[in-house]
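This is what each chain is made of:
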Amino acid sequence: MKIMVIGAGQMGSGIAQVMASFGKKTYLNDVSEEIVGKGLQFIEKILKKNVDKEKITEEQKKQTLENLIPSTSMQDAADCDIVIEAIVENMEIKSKVFAQLDEITKPDCILATNTSSLPITQIAAATKRPEKVIGMHFMNPVPVMKLVELIEGLATSKETYDFVYNLTLEIQKTPVTVRDVPGFISNRVLQMMINEAAYCLYEGVATAEDIDTVMKLGMNHPMGPLQLADFIGIDTVLSIMEVMHTGYADSKYRPCPLLRQYVNAGWLGKKSGRGFYTYE
């Protein structure tokens, strides 16, 4: 089996690492050699840590890296059995990529998207093979988290679903089947919690630290919702809330104004150095 992962950011690199570690020849694709190089360096760094902690052997690390193929051309997908897209959460950009992949890949190639909230049916409509399009939503960090949400579009075939379900089991993840609704399960529940925590801060109910402490010590969460938002990216949180607000047309999904204010200020969380908390 040959795989292409499009997007060499944290999610794409994680997906590629997992696939390669299970013996799959995997293209890691992005728009420039520099971005792909950073993705491969990130993977190598994680693998080295795993060797140091004796989670894997030096030989396993070497084999995983040998299974990774750097790519800056989507034409490399021509001989792939499945392509997994893990780029920005933007329907226009995703649709364009899927339309291109539809022209490049062989007819039986499955086109999967790692979207965290956008409708699979709409993404599939950009292709002439909607039956071959499916959602494959991994959790971050991919090498550690066991869950994969599998989302069938309106036209997704049983053959496509079965292939992706079995692949998920093969890479030792747990597949959960979800209807094609805004936010699926994970983000429909998680982002509502983050949004409500942001409202608590916005309304002056408590400080960010105290809100997170309540959820950590009171609910046994490993990380508070506002700190988690910083790690996800506040821009991503806002984007998902907007998708759900539009998709369900229900005021309960209205994004907290504080999220929009932080995004407008460039306070996106850990990646920008400042969000609900300040980072070095």
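Read on for a plain summary of the structure. Predicted model, so just to flag it, every value in this text is computed and none were measured.

What counts and how
- Residues numbered from 1 in each chain as written.
- Predicted model: local features only at pLDDT ≥ 70, side-chain atom pairs only at ≥ 80, totals over all residues.
- Heavy atoms only, no water.
- Helix = DSSP H or I, 4+ residues; strand = E, 2+ residues; numbered from the N terminus.
- Rg over C-alpha atoms; globule rule 2.2 N^0.38 Å.
- Buried < 20%, exposed > 50% of the residue type's maximum accessible area, 1.4 Å probe, protein only.
- Contact = heavy atoms within 4.5 Å.
- Areas by Shrake-Rupley, 256 points an atom, 1.4 Å probe, with all protein chains shown as cover.
- Lys, Arg positive; Asp, Glu negative; His and termini not counted.
- Charge placed at Lys NZ, Arg CZ, Asp CG, Glu CD.
- Arc of directions from axis to C-beta.
- 1 Å grid on protein atoms, 1.4 Å probe; cavity = no way out; pocket = protein on both sides within 12 Å on 5 of 7 lines; lining within 4 Å.
- Points joined across faces, edges and corners; volume = space filled by probe spheres on them.
- Salt bridge = Lys/Arg side-chain N within 4 Å of Asp/Glu carboxyl O.
- Pairing = 2+ DSSP bridges.
- Axes fitted to C-alpha atoms, helices over the stretch in contact; angles between N-to-C directions.
- Expected span 1.5 Å × (residues − 1).
- Core = buried A, V, L, I, M, F, W, Y, C linked by side-chain atoms within 4.5 Å.
- Patch = residues over 30% accessible without salt bridge, like charges linked within 9 Å, V, L, I, M, F, W, Y side chains within 5 Å.
- Parallel < 35°, antiparallel > 145°, perpendicular 65-115°, else oblique.
- Left-handed = near helix turned anticlockwise from the far one by under 90°.
- Nonpolar A, V, L, I, M, F, W, Y, C, P; charged D, E, K, R; others polar.

Quick word on the overall build of the protein
Helix and strand counts for the protein stand at 11 helices and 8 strands. In terms of C-alpha radius of gyration, the protein reaches 19 Å, essentially the compact-globule figure of 19 Å for 280 residues. In the protein, which comprises 280 residues, the share counted as buried stands at 48%. Looking at the protein alone, contacts between residues at least 24 apart form 66% of all its contacts between residues at least 6 apart. Surface summary for the protein: the accessible area is close to 13,700 Å², and the carbon and sulfur share equals 54%. Side-chain charges of the protein comprise 29 positive and 35 negative groups, with the mean position of each set lying 2 Å from the other.

Let's talk about helix α11 (residues 257-265)
If you check which residues of α11 are buried, you get L258, L259 and Y262. One side of α11 holds all its buried residues, which, seen down the axis, span an arc of 105°. Along its buried surface, α11 packs onto α7 (186-202) and α10 (234-248). One or two steps after α11, the chain reaches G266, where phi turns positive at roughly 80°.

Focus: the layout of surface pockets
To find the voids left in a structure, one rolls a probe of water-molecule size over its atoms. Counted as a void, the second largest pocket has a volume near 180 Å³. Lining the second largest pocket, in full, are I6, G7, N29, D30, V31, T72, S73, M74, I87, I93, V97 and Q100. Among the elements that make up the lining of the second largest pocket, the one with the highest residue count is helix α4 (residues 91-104) (3 residues).

Considerations on the pattern of salt bridges
As enumerated under the stated definition, the model contains 14 salt bridges in all. Here K128 makes a salt bridge to E103, at a shortest N to O gap of 3.1 Å. With a gap of 25 residues between them, K128 in the loop between α5 (120-124) and β6 (133-138) and E103 in helix α4 connect regions that are remote in the sequence. Each member of the pair K128 and E103 is classed as exposed. D162 serves as the salt-bridge partner of K158, at 2.7 Å between the closest nitrogen and oxygen. In this pair, K158 and D162 both sit in helix α6 (residues 158-170), 4 residues apart, roughly one turn of the helix. With a relative accessible area of 60%, K158 lands in the exposed category. What emerges from the salt-bridge pattern is a single network uniting E85, E89 and K94.

Quick notes on the sheet that holds strand β4 (residues 82-85)
Pairing within the open sheet is mixed, and its 8 strands lie in the order β3-β2-β1-β4-β5-β6-β7-β8. With one partner strand each, in any of the chains shown, β3 (68-71) and β8 (174-178) form the two edges of the open sheet. With strand direction ignored, the average angle separating the axes of adjacent strands in the sheet is 25°. Both β4 and strand β5 (residues 110-113) contribute to a ladder of 4 bridges, which runs parallel. Bridge pairing links E85 to T113 in β5.

Considerations on α6
Under the 1.5 Å per step criterion, the end-to-end length of α6 is 18 Å for 13 residues, consistent within 8% with the ideal 18 Å. Q172 sits one or two positions beyond α6 and adopts a positive phi of about 60°.

Quick look at the nonpolar core
One recurring pattern in soluble globular proteins is that nonpolar side chains are buried together. Residues I15, M19, I82, I84, M136 and F138 are the most contacted members of the largest nonpolar core, which totals 30 residues. Residue assignment for this core shows that the elements contributing at least two residues are β1 (2-6), α1 (10-21), α2 (33-52), β4, β5, β6, β7 (147-152) and α6. Considering each element in turn, this core owes the most residues, 6 residues, to α1. Y27, V97, C109 and V178 belong to the second-largest nonpolar core, a separate cluster that totals 23 residues.

Remarks on a positive patch on the surface
A grouping of K45, K49, K53 and K55 is seen on the molecular surface, where their side chains present a positively charged patch. Among the secondary structure elements, K55 is positioned in the loop between α2 and α3 (58-66).

Observations regarding the packing of α10 against α11
The geometry of α10 relative to α11 is characterised by a closest axis approach of 9 Å and an angle of 135° between their N-to-C directions. If you check the angle between α10 and α11, you find them oblique. α10 and α11 meet at a crossing whose hand is left-handed. Where α10 abuts α11, its residues I234, D235, V237, L238 and E242 lie against L259, R260, Y262 and V263. When its residues are assigned to classes, the contact of α10 with α11 shows 6 nonpolar, no polar and 3 charged.

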